[in-house]
Amino acid sequence: MVVPKPEVKLYYKNVMANVIGDEHGITEKQLHEHLDELPEKIKTLRSFREIRMKEDAYRRLPYNTKTVEEVKKRVVKFSKNCENLVVLGIGGSALGNIALQTALNPYMYNIDDQQRQGPRLFVFDNIDPVQLASFLSWLGDNDKLDKTIFNVITKRGDTAETLSQFMIIRQLLLDKLGPDGCKKQVITTTDANQGILRRIANNAGFTSLVIPEGIGGRFSVLSAVGLFSAAMCGIDIDSLLAGARDMDTRVKCEDFYRNPAAINAAINYHFYKHGKKISVMMPYSYHLRDLADWYRQLWAESLGKAEDLAGNEVHIGPTPVKALGTTDQHSQVQLYREGPNDKLFTFIQVSNFDKDLKIGPAPDYAQELGFLAGKDLSELLNNEKRATEYGLLESERPCLTVLFDRVNAYTVGQFIYLFEVTTSFAGALFGINPYDQPAVELGREATFALMDKPGDEHEKWAKEIRSLTEIDENFLV
Ligand code: PA5
């Protein structure tokens, strides 16, 4: 008997006007209008060469067997004597790594040696000195440095956060292990030719993985950026990419009524245009929580834009919010049901959990809990999702659900690819470039100026920034 492959599917009945009413729902006619306009809008978006190249680049990733081979070779080399893997990166150079690890490895992975099939994983996507100092003290005190591999990831190669972390680690490695030791413990992931990290890697002789041309950080999880740490930690990257490829077939479907990325983008676009400016993603699975974080960056940086493709000022973009079921039922749902009706909800629901627990018997003196006794915890979790959805529908709030048959590398690959292509389609409907991030660039450059990067321009600019952001005692209470 052929066992059907587990799938990720989009369920959209509960956004429809015939479920939540005409005022807040979408009619079939409206959905069809957006789907009908999508091909033309995609064509317009792709008529910009630079934009088309970026889409083509990330859509080629699931087929890039050369990268997979490279990654596997590096994994064999670095797995020997590696007890800890540290990723230094930020934004798209970290969020996918974190999401894959949370989704596909056990909760106690870092703590319980029996439950892990690779090194412990630590991803530093922040430069809080207290956090890093604590980690380094653990590393140094316990003499673990020569069993720790550092994967430095930056596409541009000059990101201040990542390179500052790297410079701390490099000095530590040089002091404790010398230049040869340092070389053995570092692997860089960056552009093939450009950037400061590339220059450092070439000069120091670090092993290196390449981020292909044209891949933006938030679209890079299926490149060496995400694949190396995943494979080091025992995640099946072949299945991950197979899932993405199979989803590619589905999102290539020209019949947009059967294309999950097209429907997802059209619904999201419609609700934004009809006053639902906030998109809440709420997985009912602890393991999928960081995929919502990954999605938050993908959605925010890709769709939040000042200008449309024609250069008009639009200041457009839905605000992505992540929530976790059931945790946030006891934190956010009061607002979601009774606050402003300005949100589109995307639940994530898992049909089959790989492990389950039976709720124990009720104590004699608490027999009113008997109705829960003997039931599966997953049944409670999924019923809580339905209860929350029901409450939101009663309050006329639109709800999508992404259904996972089960959570594994194959379905996570499908999910990632579905949302990447949804983002491209949504970019087309919004009429903006989903692949740039000019507002982030400004902050990056301003930081360089404030950190006294040489150059007259920087000096002048730093003065201006300081005068605007200096604490004014008159306003301090
Ligand atoms: O999506 C993006 O391009 C950004 O969020 C980047 O990932 C982030 O700014 C980090 O950039 P880099 O990998 O160049 O250090």
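What counts, and where the lines are drawn
- Residues numbered from 1 in each chain as written.
- Predicted model: local features only at pLDDT ≥ 70, side-chain atom pairs only at ≥ 80, totals over all residues.
- Heavy atoms only, no water.
- Near = heavy atom within 4 Å.
- Polar contact = N/O pair within 3.5 Å; in protein donor to acceptor, adjacent residues only side chain to side chain.
- Areas by Shrake-Rupley, 256 points an atom, 1.4 Å probe, with all protein chains shown as cover.
- Nonpolar A, V, L, I, M, F, W, Y, C, P; charged D, E, K, R; others polar.
- Core = buried A, V, L, I, M, F, W, Y, C linked by side-chain atoms within 4.5 Å.
- Buried < 20%, exposed > 50% of the residue type's maximum accessible area, 1.4 Å probe, protein only.
- Helix = DSSP H or I, 4+ residues; strand = E, 2+ residues; numbered from the N terminus.
- Domains from an automatic or database assignment.
- Contact = heavy atoms within 4.5 Å.
- Right-handed = clockwise from strand over helix to strand, strands pointing away.
- Pairing = 2+ DSSP bridges.
- Salt bridge = Lys/Arg side-chain N within 4 Å of Asp/Glu carboxyl O.
- Axes fitted to C-alpha atoms, helices over the stretch in contact; angles between N-to-C directions.
- Parallel < 35°, antiparallel > 145°, perpendicular 65-115°, else oblique.
- Left-handed = near helix turned anticlockwise from the far one by under 90°.
- Phe/Tyr/Trp six-rings, centres within 6.5 Å; stacked < 30°, edge-to-face > 60°.
- Lys NZ or Arg CZ within 6 Å of the ring centre and 35° of its normal.

Undergrad: I'd like a description of the site of the ligand, backed by residues and values.
TA: In the neighbourhood of the ligand, 14 residues make up the surrounding shell, with Ser 93, Thr 154, Thr 159, Gln 297 and Glu 301 lying closest. For the ligand, an oxygen atom lies 2.9 Å from a polar atom in the backbone of Arg 218. Relative to its unbound accessible area of 380 Å², the ligand is 92% covered by the protein chains. Counted by class, the shell around the ligand contains one nonpolar, eight polar and five charged residues.

Undergrad: Please set out the nonpolar core residue by residue, giving values where relevant.
TA: The tendency in soluble globular proteins is for nonpolar side chains to be buried side by side. Trp 294 and Phe 404 are the most contacted members of the largest nonpolar core, which has 94 residues in total. The leading source of residues in this core is helix H15 (residues 409–430), at 13 residues. A domain-level breakdown of this core finds at least three residues from each of domain 1 (8–36 + 253–430) and domain 2 (57–235).

Undergrad: Can you explain the side chain of Gln 185? Please cite residues and give values.
TA: Summarising the element assignment, Gln 185 is placed in helix H7 (residues 160–185). When residues no more than four places from it in sequence are discounted, the contact partners of Gln 185 are Leu 145, Asp 146, Lys 147, Thr 148, Ile 149, Phe 150, Leu 173 and Leu 177.

Undergrad: How would you summarise the pairing of strand S2 (residues 84–88) if you had to cite specific residues and measurements?
TA: When you tally the buried positions in S2, you get five out of five residues, the bulk of the element. The side-chain alternation of S2 yields two buried faces, one formed by Asn 84, Val 86 and Leu 88 and the other by Leu 85 and Val 87. With helix H5 (residues 95–104) bridging S2 and its parallel neighbour strand S3 (residues 120–124), the resulting β-α-β unit is right-handed. One ladder, built from five bridges, connects S2 with strand S4 (residues 148–153); its direction is parallel. Bridge pairing links Asn 84 to Thr 148 in S4.

Undergrad: Go over the pattern of salt bridges, please, and point to the residues and values.
TA: One side chain can pair with another of opposite charge once the charged atoms of both are near each other. Under the counting rule described, the total for this entry stands at 31 salt bridges. For the salt bridge of Glu 70 with Lys 73, the shortest nitrogen-to-oxygen distance reads 3.5 Å. Of this pair, Glu 70 and Lys 73 are both found in helix H4 (residues 65–79), three residues apart, which corresponds to roughly one turn of the helix. Residue class for Glu 70 comes out partly exposed when judged on its relative accessible area of 28%. Residue Lys 73 is classed as exposed on the basis of its relative accessible area, which comes to 52%. A network of salt bridges, in which partner residues are shared, links Arg 46, Glu 55, Asp 56, Arg 59, Asp 248 and Lys 252.

Undergrad: Explain the packing of helix H11 (residues 260–273) against H15 residue by residue, including any values.
TA: One way to put it is that H11 packs onto H15 with a least axis distance of 8 Å and a crossing angle of 45°. Overall, the two elements H11 and H15 adopt an arrangement that is oblique. Our pair here, H11 against H15, has a crossing hand that is right-handed. Mapping the contact onto sequence places Pro 260, Ala 261, Ala 262, Asn 264, Ala 265, Ala 266, Tyr 269 and Tyr 272 in H11 and Leu 418, Phe 419, Val 421, Thr 422, Phe 425, Ala 426, Leu 429 and Phe 430 in H15.

Undergrad: How would you sum up the sheet that holds strand S1 (residues 8–11)? Please name residues and give values.
TA: Spatial strand order, S1-S12-S11-S7-S10: five strands in an open sheet with mixed pairing. Each of the sheet's edge strands pairs with one partner strand only, and the pair in question is S1 and strand S10 (319–322). Adjacent strand axes in the sheet meet at a mean angle of 20° when their direction is disregarded. When S1 meets strand S12 (residues 399–406), the two strands line up antiparallel, connected through four bridges. Bridging across to S12, Val 8 finds its partner in Phe 404. Most of the contacts of helix H12 (residues 289–303) go to S10, to which it runs at about 170°, and overall it touches strand S7 (278–283) and S10.

Undergrad: Explain the domain arrangement of the chain residue by residue, including any values.
TA: When its domains are assigned, the chain resolves into domain 1 (8–36 + 253–430), domain 2 (57–235) and domain 3 (438–475). Relative placement of domain 1 and domain 3: their C-alpha centres are 39 Å apart.

Undergrad: Residues and numbers for the packing of aromatic side chains, please.
TA: All chains considered together, the criterion is met by 21 aromatic pairs. When the ring of Phe 135 is compared with that of Trp 138, the centres are 5.8 Å apart and the planes differ by 35°; the resulting orientation is tilted. A residue pair is termed a helical-turn pair when its members lie 3 or 4 positions apart in one helix, as Phe 135 and Trp 138 do in helix H6 (residues 129–141) at three residues. Taking the relative accessible area as the measure of exposure, Trp 138 reaches 29% and is therefore partly exposed. On the basis of an interplanar angle of 80° and a centroid distance of 5.8 Å, the ring pair of Tyr 295 and Phe 419 is categorised as edge-to-face. Taken as a pair, Tyr 295 in helix H12 and Phe 419 in helix H15 lie far apart in primary sequence, 124 residues in all. The exposure class of Tyr 295 is buried, given its relative accessible area of 3%. Taking relative accessible area as the criterion, Phe 419 reaches 3% and is therefore assigned buried. These aromatic residues form a ring-pair network of at least three members: Trp 294, Tyr 295, Trp 299, Phe 404, Phe 415 and Phe 419. One Lys or Arg, Lys 144, reaches over the ring of Trp 138 and ends 3.9 Å from the middle of that ring. The aromatic ring of Tyr 272 is capped on one face by Lys 277, whose charged end is 4.1 Å from the ring centroid.

Undergrad: Please provide a residue-by-residue account of the sheet that holds S4, values included.
TA: Strands sit in the order S3-S2-S4-S5-S6 across an open sheet of five strands; the sheet is parallel. Each of the sheet's edge strands pairs with one partner strand only, and the pair in question is S3 and strand S6 (207–211). Neighbour to neighbour, the strand axes of the sheet diverge by 20° on average, direction disregarded. Pairing between S2 and S3: five bridges, direction parallel. Bridge pairing in S3 places Leu 85 opposite Leu 121. Across the face of the sheet, H7 comes into contact with S2, S3, S4 and strand S5 (186–191) while running at roughly 140° to S4.

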